[in-house]
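Each chain, letter by letter, is given below.
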Amino acid sequence: MLYRYGLVRQKHAPREPFIHTTLLQEEVSEPDHGRVRCLICERRCVIRPGATGWCRTRANLDGELVTLTYGAISSLAVNHIEKKPLYHFYPGSRALTAGSWSCNFACPWCQNYDIAKHPPNGGKFTSPSQFVAEAINKRCQGTSISFNEPTLSLEWSLEVFRLAHQAGLYNTFVTNGYMTEAALEHLAEAGLDGMNVDIKGDSAVVRDYCQADVEVVWRNLRRAQELGIWVEVTTLVVPEVNDDMVILMSIAVRIARELGPYTPWHITRYHPAYRLTAPPTPVQTLEEARAIGREMGLQYVYLGNVPGHFAENTYCPSCGKMLIQRSTMEQAESLVQDGHCPFCGQEIAGTGWNWETSEE
Ligand code: SF4
């Protein structure tokens, strides 16, 4: 069908069953007849008939917007939830994780560029019910849409989330947080329980490198909390891009003020990928950022991609005792009891602490 429009010329062009009506769209009034605005993410692309939007996953076919990646799975894996990273959300559980194609950000350091910088390219079609059945089969406690930007899989995710909740599974997103507020509300209503959201820098970094507005991401983080979604924040520290301590301090201050001091902040190490060739972030830079985060009042600041570092562990914000020991983003041992420190009784922020007992 898409060949008729000259839309897709690559060898493995998306076709049925990957083509599906897009949920959020509006016709653009005269004199732009036939153009449709996509309302999935804040790029809000206006797409003329026969064209695709910025992310190349949405196409205008005769005035109707369709997604080209419905159920198109590029990658599938059972991951520990710590790998997302989500450290205060069903610790030690496993999520069946699916990725698709493309992205709505332009980051030149993309660590998943083989799928995230790739236009829709088919893959194995997996229906929402097949995906949830697979999660149950593989003895997972939840689902995760990740690897590339999950917002671009909105319609498929909504169906997955509803079915997963019916089956007693949780649902998560690992996202750049650039969806529209309407898309976020649909996700919450369908059963999104937890999100890890990237804050990639200050407004200049996100504008210049990702071609996006970081204020949208902050708005969505605040809104997600209002909607009852558990949120954790990640910042990949990239040398000479966002490793200035002033930038990292500004992120820490905003997390503490706008999301609360008990919101986990993951400071992760960059490795050269895609268009950037700078060497990996020095561990000392990450440690300085962690110290700043703690000075700014954040209670749970973690280092990521530094295996064996003490800052992979969770410490009680009150008595300082180690409560969860992790190894390479997998939970090794948790002493948290019913969401509290067993030594001093301090409440530990998070959700799903008792999932193991509830499964018995
Ligand atoms: S989802 Fe894609 S087409 Fe839609 S607004 Fe975002 S970038 Fe544009």
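Residues numbered from 1 in each chain as written. Predicted model: local features only at pLDDT ≥ 70, side-chain atom pairs only at ≥ 80, totals over all residues.

1. Regarding the sheet that holds strand S3 (residues 36-38)
The antiparallel open sheet is built from 3 strands, whose spatial order is S2-S3-S4. A strand with exactly one partner marks an edge of an open sheet, and here the two such strands are strand S2 (25-27) and strand S4 (46-47). Pairing analysis gives 2 bridges linking S3 to S4, with the strands arranged antiparallel. Counterpart to Arg-37 in the pairing with S4 is Val-46. (Pairing = 2+ DSSP bridges. Helix = DSSP H or I, 4+ residues; strand = E, 2+ residues; numbered from the N terminus.)

2. Here's the deal with the pairing of strand S12 (residues 170-175)
Of all the 6 residues making up S12, 6 are buried; the element is thus mostly covered by neighbouring parts of the structure. Examined bridge by bridge, strand S11 (residues 142-145) and S12 share 4 bridges and lie parallel to one another. Bridge assignment links Ile-145 to a residue of S12, and that residue is Phe-173. Read from S11 through helix H3 (residues 154-166) to S12, the crossover connection turns out right-handed. (Buried ≥ 20, exposed ≤ 12 C-beta atoms within 10 Å, placed from the backbone. Right-handed = clockwise from strand over helix to strand, strands pointing away.)

3. Thoughts on the sheet that holds strand S14 (residues 230-237)
Whether parallel or antiparallel, the strands of a sheet pair through hydrogen bonds between backbone atoms. Here 8 strands make up an open sheet; going across it, the order is S8-S9-S11-S12-S13-S14-S15-S16 and the pairing mixed. Edge strands, defined here as strands with exactly one partner in the open sheet, are strand S8 (75-80) and strand S16 (301-304). For this sheet the average axis-to-axis angle between neighbouring strands, irrespective of direction, equals 20 degrees. Strand direction decides the pairing type here: S12 and strand S13 (residues 194-198), joined by 4 bridges, are parallel. Within S13, the position partnered with Thr-175 by the bridge is Val-197. (Axes fitted to C-alpha atoms, helices over the stretch in contact; angles between N-to-C directions.)

4. Observations regarding the site of the ligand
Near the ligand there are 13 residues, and of these Cys-38, Cys-41, Cys-45, Gly-53 and Cys-55 occur at the shortest range. Split by residue class, the shell around the ligand holds 7 nonpolar, 3 polar and 3 charged. (Near = placed C-beta within 6 Å. Nonpolar A, V, L, I, M, F, W, Y, C, P; charged D, E, K, R; others polar.)

5. Details of the pairing of S16
Pairing analysis gives 4 bridges linking strand S15 (residues 265-269) to S16, with the strands arranged parallel. Bridge pairing in S16 links Thr-268 to Gly-304. Crossover connection from S15 via helix H8 (residues 283-295) to parallel S16: handedness right-handed.

6. Describing the nonpolar core
Counting residues in hydrophobic clusters, the biggest one holds 89 residues, and the most contacted among them are Val-231 and Ala-252. The leading source of residues in this core is H3, at 7 residues. If we ignore the near neighbours within four places in the chain, the residues touching Ala-252 are Trp-265, Ile-292, Gly-293, Met-296 and Leu-298. Among the nonpolar cores identified, the runner-up in size contains 5 residues, and Leu-323, Ile-324, Cys-341 and Ile-348 belong to it. (Core = buried A, V, L, I, M, F, W, Y, C linked by C-beta atoms within 7 Å. Contact = placed C-beta atoms within 7 Å.)

7. Here's the deal with the environment of Cys-38
Among the structural elements, Cys-38 can be located in strand S3. Take Cys-38: there are 26 C-beta atoms within 10 Å of it, and that puts it in the buried class. Considering only alpha carbons, one finds Cys-38 and Met-179, 141 residues apart in sequence, at a separation of 11 Å. Setting aside anything within four residues of it in sequence, one finds Cys-38 in contact with Thr-22, Gln-25, Arg-44, Cys-45, Ile-47, Gly-53, Arg-58 and Leu-65.

8. Here we look at the domain arrangement of the protein
Domain assignment breaks the protein into domain 1 (1-68) and domain 2 (72-355). Here the C-alpha centre of domain 2 lies 29 Å away from the C-alpha centre of domain 1. Taken residue by residue, the interface counts 20 residues in domain 1 and 22 residues in domain 2. (Domains from an automatic or database assignment.)

9. Quick word on the confidence of the model for the protein
Taken residue by residue, the protein gives an average pLDDT of 91. The fraction at 70 or more is 94%. Under a pLDDT of 50 for its full length, residues 8-12 has, in the predicted model, 8 contacts with residues more than four places off or in other chains. (pLDDT = per-residue confidence, 0-100.)

10. Some details on the environment of Val-237
Turning to its location among the elements, Val-237 is positioned in strand S14. For Val-237, a count of 25 C-beta atoms within 10 Å translates into the label buried. Sequence-wise, Val-237 and Pro-279 are 42 residues apart; in three dimensions their C-alpha atoms are separated by 12 Å. Excluding residues that lie within four positions of it along the chain, Val-237 makes contacts with Asn-242, Asp-243, Ile-267, Thr-268, Arg-269, Tyr-270, Thr-281, Thr-285, Leu-286 and Ala-289.

11. Considering H3
For an α-helix, 3.6 residues make a turn, and residues three or four places apart therefore share a direction. Compared with the 18 Å implied by 1.5 Å per residue over 13 residues, the 19 Å span of H3 between its first and last C-alpha is a close match. For H3, the set of buried residues is Leu-154, Glu-155, Trp-156, Ser-157, Leu-158, Val-160, Phe-161, Leu-163 and Ala-164. Immediately downstream of H3, the backbone of Gly-168 shows phi near 80 degrees, a positive value. (Expected span 1.5 Å × (residues − 1).)

12. So, the packing of helix H7 (residues 245-259) against H8
Two numbers describe how H7 lies on H8: the axes approach to 9 Å, and their chain directions differ by 40 degrees. Here H7 and H8 pass one another in a crossing that is right-handed. Two secondary-structure elements touch here, H7 through Met-245, Leu-248, Met-249 and Ala-252 and H8 through Glu-288, Ala-289, Ile-292 and Gly-293. By residue class, the composition of the contact of H7 with H8 is 6 nonpolar, 1 polar and 1 charged. (Left-handed = near helix turned anticlockwise from the far one by under 90°.)

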